[in-house]
Amino acid sequence: MALSRRSRPKHSMLVQQLLALVQEIRDRGETCLPSERELGEQFGVSRVTVRNALAELEEQGQIYRVQGKGAFVSTEKFHQPLSSLTSFTQDMDSQGMVSGARILALETIPAPRMVAKLLRISEDSQVLLLRRLRSINAEPIAIENCYLPSHLGQVLQSHFRQDSSLYALLQKHCGITPVWAEQSFEVGSLFPWEQNLFGEKAPPYAMCTTRLTFDQNDNPIEYVESKYRADRYAYHVRMEAQHAYGEYRP
Ligand code: 16G
């Protein structure tokens, strides 16, 4: 954002005024900011000045903009710690939140080639697809596509309910304990149907993760592709140095 020397004080003052407005909107439990035109009128500045100030607030993570819909206040994020393997239900319980789920699909399908390879089953096998919309305090937060070996199908079909914890069920009914996992993260976009599930205020991008989970015998038991609302969810990791820095030799 290139600003002339003359427009800089006006810009800084507007950023401060907008920050105060963002806080007021947050305190009211709302999320939607007035349009650029309305903000220009309210603060007596041009639309370009408003746009530049909004861009700065977006860079600070205070707001996010959705093309064609306007600007929205970023709300506080839910956190998932990464130091140990946990289930969605456990993560939310430990933060005093209510986890929920809507089952979008629970069906047996031909294993996609990559999934078969990861689950170490033959390419012509079937897998169980469990697709869920996960929520926190009734707010939709993530879409999970979970692929499981098909022999778990019968147990899941008879015991699995909307709000069941998959990990608790695997342990209780199948003697399978999820023990460790490999997980990766990248930013991605949402398909229109996914965005519909998150609601119109959700940004069109998401934190995409994949998790391959292993049981107590080091067998892969689930492969999950998830999309988490980027404005509502964050990961947290604690790091410890392995050496004294002065002694480090590559
Ligand atoms: C988490 C896991 C998912 C697992 C689910 C089980 C990630 C990215 N995903 O959401 O792999 O299937 O927990 O949760 O962390 P549940 O036991 O509450 O059903």
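Residues numbered from 1 in each chain as written. Predicted model: local features only at pLDDT ≥ 70, side-chain atom pairs only at ≥ 80, totals over all residues. Heavy atoms only, no water.

Undergrad: Let's hear about the overall build of the chain: which residues, and what values?
TA: Scanning the chain from N- to C-terminus turns up 8 helices and 10 strands. By the compact-globule yardstick of 18 Å for 250 residues, the chain is too spread out, its C-alpha radius of gyration being 23 Å. Among the 250 residues that make up the chain, the fraction classed as buried is 42%. Considering only intrachain contacts with a sequence separation of at least 6, the fraction spanning at least 24 residues in the chain is 61%. (Helix = DSSP H or I, 4+ residues; strand = E, 2+ residues; numbered from the N terminus. Rg over C-alpha atoms; globule rule 2.2 N^0.38 Å. Buried < 20%, exposed > 50% of the residue type's maximum accessible area, 1.4 Å probe, protein only. Contact = heavy atoms within 4.5 Å.)

Undergrad: Outline the site of the ligand, supporting the account with residue identities and numerical values.
TA: Taken together, 18 residues lie near the ligand, and T89, E144, S165, L166 and R211 sit nearest. In the model, an oxygen atom of the ligand is placed 2.3 Å from a nitrogen or oxygen of the T89 side chain. In this structure, an oxygen atom belonging to the ligand sits 2.6 Å away from a side-chain N or O atom of S165. Listed by contribution, the elements that provide at least two residues to the shell around the ligand are α4 (88–94), β5 (126–136), α7 (166–174), β8 (205–214) and β9 (220–229). Ranked by the residues each element gives to the shell around the ligand, the list is headed by β9, at 4 residues. Along the lines of polarity and charge, the residues of the shell around the ligand split into 5 nonpolar, 8 polar and 5 charged. (Near = heavy atom within 4 Å. Polar contact = N/O pair within 3.5 Å; in protein donor to acceptor, adjacent residues only side chain to side chain. Nonpolar A, V, L, I, M, F, W, Y, C, P; charged D, E, K, R; others polar.)

Undergrad: Could you give me a rundown of the packing of helix α2 (residues 36–43) against helix α3 (residues 47–59), with the residues and numbers involved?
TA: Relative to each other, α2 and α3 sit at 105°, their axes nearing to 9 Å. In terms of their interaxial angle, α2 and α3 are classed as roughly perpendicular. Judged by residue contacts, E36, R37, L39 and G40 of α2 engage R47, V50, R51 and L54 from α3. Looking at the contact of α2 with α3 residue by residue, the class counts come to 3 nonpolar, 1 polar and 4 charged. (Axes fitted to C-alpha atoms, helices over the stretch in contact; angles between N-to-C directions. Parallel < 35°, antiparallel > 145°, perpendicular 65-115°, else oblique.)

Undergrad: With reference to specific residues and values, describe helix α1 (residues 8–27).
TA: Compared with an ideal rise of 1.5 Å per residue, which puts 20 residues at 28 Å, α1 spans 29 Å between its outermost C-alpha atoms and is within 8% of the ideal. Along α1, the residues classified as buried are H11, L14, V15, L18, L21, V22 and I25. Looking down the long axis of α1, one finds its buried residues gathered within 130° of arc, a one-sided arrangement. With respect to the buried face of α1, the exposed residues turned more than 90 degrees away are P9, M13, Q16 and D27. For α1, the elements touching its buried residues are α2, α3, β1 (63–66) and β2 (70–73). The first or second residue beyond α1 is G29, which carries a positive phi of 75°. (Expected span 1.5 Å × (residues − 1). Arc of directions from axis to C-beta.)

Undergrad: So, the pattern of salt bridges: which residues are in play, and what are the values?
TA: Going through the model one piece at a time under the given rule, you end up with 11 salt bridges. For R47, the salt bridge is made with E36, and the minimal N-O distance between the two is 3.7 Å. Here E36 lies in helix α2 and R47 lies in helix α3, a separation of 11 residues in the sequence. The partner of E194 in a salt bridge is K227, with the nearest N and O atoms 2.9 Å apart. Of this pair, E194 sits in helix α8 (residues 192–198) while K227 sits in strand β9, and the two are 33 residues apart along the sequence. The residues E194 and K227 share a single accessibility class, namely buried. Look at the salt bridges and you will find they share partners, linking E36, R47 and R51 into a network. (Salt bridge = Lys/Arg side-chain N within 4 Å of Asp/Glu carboxyl O.)

Undergrad: Let's hear about unusual backbone geometry: which residues, and what values?
TA: Backbone geometry at R120 places phi at a positive 60°, although glycine is not the residue there. By the secondary structure assignment, R120 is in the loop between α5 (113–119) and β5. Even without being a glycine, N137 presents a positive backbone phi close to 45°. Of the residues examined, N137 reaches a relative accessible area of 41% and is grouped as partly exposed.

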